[in-house]
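Geometric and topological summary
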Amino acid sequence: MGKSKSNYGIRAFINDVHLWLGLVSGIIIFLVCLSGTILTFEKEIENWFKEELIIVPAGSKKSLSNLVDDPTIQSKGQLTSITIPSDETIPYSLSIKEDPKQRRGSTYELNPYTSEILAPQKTAIDDFMFSMFKMHRWLLMDIKWGRPIVGIATIIFLILSITGIVLWFPKKVKWKTVKAGFKIKTNANWKRINHDLHNTLGFYSCLLILIMGITGLCWSFEGYRDGLSSLMGAKVFGNRGAQPELDLGNLHTENVIGLEEAVQLANKTLDYRGTLTVSLPNDKNPVYSFRKIADDSWSTVAQDQLQIHTSGEIVHKEIYADKPLNVKIASAIRPIHTGEIYGTFSKWLYFLACLVGTSLPVTGTIIYINKLKKKSKRRRSLATA
């Protein structure tokens, strides 16, 4: 009687890991990817359902000082910042704290020619999008439980992506066999088309799925975020929107400049066409804080920063292009995760990749069911032979 040889090798093990992890986590991955797909164009979808403030340039713009002192604006609450676009047909954005306890202000749109103001609008789509956000981050559960569950599912998805790439390569790597993995055989039967949708689309979207997974874990596990910060040598989410510590002791505080002068000085210092945001000074911090991004910038995070004391002296200047690469990456984790990093172009890429990610648990489960049916049919054939 001959010895039976086991054919169970490393590839079979990887296949089993891919299969069973996929089956266990499939529904969670489906929900997280589905909500992520919708959230990719969150702002655009919300704006479709809201009234638009039409700007028709006519005459001269109201001075910033007049806008700040406008009783209608002051009645809304504390004005904390103004965003001034370079495009004359786009309204100003005002951030107003309607309540002192409010962490971030509500955003109002303003026509700089007429002082017409458009308050934030609440629509049903806002509630829907917030539900998608909670689904994506916590599966609509309590944060204490939902966040780590999503984090674990994300880790599993990363393992599935890596094992999927390994399995994408045929046992014998030749161009003829590898080439088949780059296309979907649309003239085949539905089972083959489903297999190709899983195999080929998974391959094309794998890199972006890995990026989304690696960055997404920063929201699930604080320890992971700290570890990634140490590895990169720069704090993830670090100093985003934070003001540098400034020594204001030696400034000539007898001179005081207004908002108009501060904006002119900022545009002269950051001498290019772009969108300028100014955070207004207050009693605790007598500094105009500016952020500016060039209109022709490929990246949505390439903002230069400038701080100007109310005396007119520039006390801090930070040019994005001069930052080390690790600092740029660490501070851009959020737009890297959401796809906003390169604007609409990268959003579409992320949308498609996330849509594929949503389909993978479905096509993978169908492949598994088809294999079970095939094995069952083979057993019945052997039993009747």
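As a starting point, this report considers the structure included with it. In this text, all values refer to a predicted model and were calculated from it rather than measured experimentally. (Residues numbered from 1 in each chain as written. Predicted model: local features only at pLDDT ≥ 70, side-chain atom pairs only at ≥ 80, totals over all residues. Heavy atoms only, no water.)

This part covers a nonpolar patch on the surface. A surface patch of nonpolar side chains, amounting to about 510 Å² of accessible area, comprises W298, Y342, F345 and L349. Overall, the relative accessible area of 54% leaves F345 in the exposed class. (Patch = residues over 30% accessible without salt bridge, like charges linked within 9 Å, V, L, I, M, F, W, Y side chains within 5 Å. Areas by Shrake-Rupley, 256 points an atom, 1.4 Å probe, with all protein chains shown as cover. Salt bridge = Lys/Arg side-chain N within 4 Å of Asp/Glu carboxyl O. Buried < 20%, exposed > 50% of the residue type's maximum accessible area, 1.4 Å probe, protein only.)

A word on the pairing of strand β2 (residues 92–97). Summarising the sheet, strand β1 (residues 78–84) and β2 pair through 5 bridges and their orientation is antiparallel. Within β2, the position partnered with I82 by the bridge is L94. As paired strands, β2 and strand β3 (residues 106–110) are joined by 5 bridges and run antiparallel to one another. Note on β3: the bridge partner recorded for I96 is S106. (Pairing = 2+ DSSP bridges. Helix = DSSP H or I, 4+ residues; strand = E, 2+ residues; numbered from the N terminus.)

One can find V178 in helix α7 (residues 175–179). You can call V178 buried: its relative accessible area is 10%. When the C-alpha positions of V178 and L217 are compared, they lie 32 Å apart, and in sequence the two are 39 residues distant. Not counting chain neighbours up to four residues away, the residues in contact with V178 comprise W168, P170 and V173. (Contact = heavy atoms within 4.5 Å.)

We now examine the packing of aromatic side chains. Here the structure, examined in full by the defined rule, presents 13 aromatic pairs. Look at W168 and F182: their rings are 5.1 Å apart centre to centre, the planes differ by 70°, and that puts the pair in the edge-to-face class. In this pair, W168 is assigned in helix α6 (residues 143–168) and F182 in the loop between α7 and α8 (190–220), connecting sequence segments 14 residues apart. Of the residues examined, W168 reaches a relative accessible area of 7% and is grouped as buried. Look at F182 and you get partly exposed, because its relative accessible area is 30%. (Phe/Tyr/Trp six-rings, centres within 6.5 Å; stacked < 30°, edge-to-face > 60°.)

As for its placement among the helices and strands, L208 is situated in helix α8. Taking the C-alpha atoms as reference points, L208 and K144, separated by 64 residues in sequence, lie 28 Å from one another. If we skip the residues at most four places from it in the chain, L208 touches L349, Y350 and A353.

So far we have only geometry, and geometry alone does not tell us how the molecule works.
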